[in-house]
Amino acid sequence: MSNDSNLTLYWLKYSPYACRPSILLCEKQQKFNSHVVDFSVQENRSAEFLKISPKGKVPALIDSETGVTIYESYAILSYLEEKYGTVGPSFSENPKARAQALIRSSEIDNYFIPASHKYFGAWYVLTDEERSDESGENEKVKQTDVAYEQLISEFQKYDDVLKQQKERGQPLYLVGDEFSVADIMFLPLLLFFEHVKLDFSAESNRLGNVIEYLEGNKKRPSVRDGYPAFWNGDETKFDTSKYMQAYHKRKCQ
Ligand SMILES: N[C@@H](CCC(=O)N[C@@H](CS)C(=O)NCC(=O)O)C(=O)O
């Protein structure tokens, strides 16, 4: 979606944070200029980019219509919702559902993401041999297992939310009857995990509702278009599949 638009989104392939604003913009059918920041030449550390995003992180957005430069994905979503209208419930029409969407959005960043950082941080420092270790004797592997279980238990909170949605006969969204900002906060993370080969299918007993939610919402045009199609089939250096296979072998023995 590149065109003469007042909006320029600075983003990065593989960044789940950066795909949040793009999903929202697709949802609102707003065109934007796409600036993919080239991390391989440390463009994110360049003086020019640091003026836009002082921490050197994506996403960032420039709106030339209002003269606003804004970074931090949740701040960008809030800005865009103020400009183009909320995604899903609004405070005036459904204050309860709107409040819930905002709570979930904050919870995702404050609890779910730290758990995922802990797991990926532990996985990242494993050697290739440790990633394939099926004995479970190695201390680093044991710590990764603990972090993995903590991530799954964070995940299960969302699985429960979705289970309750189903029990109430509501669609598989995180809040109420509509796709909302909470889904925009959550879905790119699931797509990222899938991309780095975190094997959701191996967790169908514990995360069955999350899997169904992901599969259903992947088909949504804004999610499909807002999450760069060029990721498809692209190899990743963050391939967690060996660890996942070894983990499930250890647990099934
Ligand atoms: N809390 C930030 C997180 C953004 C973030 O961590 N972006 C990563 C890419 S996934 C980044 O730009 N990292 C570069 C760096 O830390 O130098 C947000 O929600 O926008």
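An unreviewed UniProt entry lists the chain under the name Glutathione S-transferase, with Acrasis kona given as the organism. Its UniProt record gives the chain a comment under Sequence similarities (unreviewed entry), which states: "Belongs to the GST superfamily."

Participant: Looking at this model, I keep getting lost on the overall build of the chain. Mind explaining?
Facilitator: Assigned secondary structure in the chain consists of ten helices and four strands. When its helices and strands are written in sequence order, the chain yields β-α-β-α-β-β-α-α-α-α-α-α-α-α. Taking 18 Å as the expected radius of gyration for a compact globule of 253 residues, we find that the chain reaches 19 Å, a close match to that expectation. For the C-alpha atoms alone, the extent of the chain along its principal axes is close to 60 × 50 × 30 Å. Looking at the chain as a whole, 33% of its 253 residues are labelled buried. Put simply, 71% of the contacts in the chain that link residues at least 6 apart link residues at least 24 apart.

Participant: What should I look at first to understand the UniProt feature "domain: GST N-terminal" (unreviewed entry) in the chain in this one?
Facilitator: Sequence positions flagged by UniProt for "domain: GST N-terminal" (unreviewed entry) are, in local numbering, residues 5-88. Strand forms 20% of residues 5-88 and helix 32%; the C-alpha atoms that close the span are 24 Å apart.

Participant: What is the right way to look at the site of the ligand in this model?
Facilitator: With respect to spatial proximity, the complete set of residues near the ligand consists of Leu 12, Ser 15, Tyr 17, Asn 44, Gly 56, Lys 57, Val 58, Pro 59, Glu 72, Ser 73 and Tyr 74. A class-by-class count of the residues in the shell around the ligand yields five nonpolar, four polar and two charged.

Participant: Explain the pairing of strand S2 (residues 33-36) to me, please; I cannot follow it from the model alone.
Facilitator: Within a regular strand, the side chains alternate between the two sheet faces. In the sheet, strand S1 (residues 7-11) pairs with S2 via four bridges, with the strands oriented parallel. Pairing of Trp 11 across the sheet is with Val 36, part of S2. As for the winding sense of the linkage, the β-α-β connection from S1 through helix H1 (residues 19-27) to S2 is right-handed.

Participant: Would you explain helix H6 (residues 139-167) in this entry?
Facilitator: Along an α-helix, residues three or four apart share an orientation, since each turn contains 3.6 residues. The end-to-end C-alpha distance of H6, which contains 29 residues, comes to 41 Å, matching closely the 42 Å that a straight helix rising 1.5 Å per residue would cover. By the burial criterion, the buried members of H6 are Val 141, Thr 144, Tyr 148, Leu 151, Phe 155, Tyr 158, Val 161 and Leu 162. Close packing links the buried residues of H6 with helix H4 (95-124), helix H5 (128-131), helix H7 (181-195), helix H8 (204-218) and helix H10 (241-252). Positive backbone phi, approximately 75°, marks Gly 169, located one or two places after H6.

Analysis parameters
In every chain, residue numbers begin from 1 and rise along the written sequence. Where local features are concerned, this predicted model is filtered to residues with pLDDT of at least 70; where side-chain atom pairs are given and counted, the filter is 80 or more; whole-chain, interface and lining totals use all residues. UniProt positions are given in the numbering used here, feature names are shortened, and annotations may be inferred rather than shown by experiment. In this description a helix means any DSSP run of H or I spanning at least four residues, a strand means any run of E spanning at least two, and both kinds are numbered starting from the N terminus. Taken over C-alpha atoms, the radius of gyration is set against a globule rule of 2.2 Å times the number of residues to the power 0.38. Residue burial is a threshold on neighbouring C-beta atoms within 10 Å of the residue's own C-beta, all placed from the backbone, with 20 or more meaning buried, 12 or fewer meaning exposed, and counts in between meaning partly exposed. We call two residues in contact whenever the C-beta atoms placed from their backbones are within 7 Å. We call a residue near a molecule or strand when its C-beta atom, built from the backbone, sits within 6 Å of it. Residue classes follow a fixed rule: Ala, Val, Leu, Ile, Met, Phe, Trp, Tyr, Cys and Pro count as nonpolar, while Asp, Glu, Lys and Arg count as charged, and any other residue, Gly among them, counts as polar. Strands are treated as partners if at least two bridges between them are detected by DSSP. Note on handedness: a clockwise path from strand one over the helix to strand two, with the strands aimed away from the viewer, defines a right-handed crossover. How far a helix is expected to stretch is found by multiplying one less than its residue total by 1.5 Å.

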